[in-house]
Amino acid sequence: MAHWTLDDIPWERFDASLVDPEILKVVKAASLVEHNGEAYGRYLEHVFADDAAFKEAGWRWAGEEVQHGKALARWAKLADPAFDFDSAFALFADKIKLPIGVRRSVRGTRAGELVARCIVEVGTSSYYTALGAAAREPVLREICRRIAADEIRHYRLFYTHLEAYLARERIGRTRRALTALGRLLESEDDELAFAYYAANHRDDGAYERKRYNAAYVRRAYGFYRRGHVERAVVMAMKAAGLEPRGRMSRLLARLAAWLMTMRADRLARQGA
Ligand SMILES: [Fe+2]
Ligand SMILES: [Fe+2]
C-alpha cells in the first residue's frame, strides 16, 4: 500500500478558532524531532551496514519520520504564520547530534538497537494517539491519526527485525529488559526538552534542561489517558521480552498512568 503524502491531508478544513496554544507548542517541538529522522536513518545505515533488507526498510522508515515532521510543521505554520521552522530546526540539529558514522550500535548489539527503536515507537504511537484525542482542530486530528498509525507500523517493523536478530545475538533477558528501560528513561534527556525550547523559546534566553523538560513533560503527559498508557505498557513489555498481558503489566500500567497524571498536575501547579 502506498504511503500517504502531504496532499492527502485536508488542509482546507483547518479551523484557526479550534487551535489550542498549548498543543501548538508541542506540535512545533514534535516537528523538529520527527524531521531529524533522516539523521537517524543514516546512523542505522551504518549499524546495519551488511543487512540489505533492513537498510531498505530503514530508509523508508526515515522518510516517513521526515514526512511526519513536514506535516506537523505545515500545520504549525497554519496555526502560527510566524513559526520559523528552518531556524528552529537548525538550532535543534546543531545541539542534538547523533553518532553518525559509528559501525556498532550505541546499545552494544543490533538486537539492543532494535529494542530501543521499538521503545521509541511505543512512545510516539501512544503520544500521537493521545494528542489526536486531546486536539479539537480537525486537520491536526487527521495528521495525528495518520502519524499514530505509521508509528504502530514502525513498532511492528522493528519488532519483526528484533525477533530475527535475537535468534543470532543472544543478549539475555535481563540485558534486553534493561535496554528497554534505559531507552525509556532517556526520554528525559535533552532531545525533547531542547526541541521544545528551540521551537518555542529560543528568543527567551539560554536553554536550561530542567526548566524546558518540565515545560515539555507538563504538556505532553497531560494528554495521556489511562487507555493510552495501558496500550503503551503492553507494547513496551513485549519489546522488553516480558509478559505483556499479565498481572505485572496491568499493575505497571496503573502505576505509570497515575505517576504521569501526578507529575503533569504538579508541574502545572508550579507553572512549568
Ligand atoms: Fe514519527
Ligand atoms: Fe516512527
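Calculation criteria
- Residues numbered from 1 in each chain as written.
- Chains lettered and ligands numbered in written order.
- Predicted model: local features only at pLDDT ≥ 70, side-chain atom pairs only at ≥ 80, totals over all residues.
- Heavy atoms only, no water.
- Helix = DSSP H or I, 4+ residues; strand = E, 2+ residues; numbered from the N terminus.
- Phe/Tyr/Trp six-rings, centres within 6.5 Å; stacked < 30°, edge-to-face > 60°.
- Lys NZ or Arg CZ within 6 Å of the ring centre and 35° of its normal.
- Donors = N, O, S within 2.8 Å, 3.2 Å for Na, K, Ca; no water.
- Buried < 20%, exposed > 50% of the residue type's maximum accessible area, 1.4 Å probe, protein only.

J.: With reference to specific residues and values, describe the environment of Val 229.
T.: By the element assignment, Val 229 lies in helix H10 (residues 226-240). When the C-alpha positions of Val 229 and Gly 123 are compared, they lie 9.6 Å apart, and in sequence the two are 106 residues distant.

J.: Explain the packing of aromatic side chains to me, using residue names and the numbers behind them.
T.: Following the criterion strictly, the structure yields 19 aromatic pairs and no others. Members of the aromatic cluster, joined through ring pairs, are Tyr 40, Tyr 43, Phe 48, Phe 54, Trp 61, Phe 158 and Tyr 165. The ring of Tyr 159 has Lys 238 sitting right over it, with the charged end atom 4.5 Å from the ring centre.

J.: Describe the coordination of the iron ion (ligand 1), listing the residues and the values that go with them.
T.: Protein coordination of the iron ion (ligand 1) is provided by Glu 34 (OE), Glu 34 (OE), Glu 65 (OE), His 68 (ND1) and Glu 151 (OE), with donor distances spanning 1.9 to 2.6 Å. Taken in chain order, the donor set of the iron ion (ligand 1) reads E-x30-E-x2-H-x82-E. A separation of 3.8 Å is found between the iron ion (ligand 1) and the iron ion (ligand 2), which are bridged by Glu 65. Of this pair, Glu 65 sits in helix H3 (residues 52-79) while Glu 151 sits in helix H6 (residues 138-168); the two residues are 86 residues apart in sequence, bridging distant segments of the chain. For the pair Glu 65 and Glu 151, one class covers both residues: buried.

These values are about where atoms sit, not about what they do.
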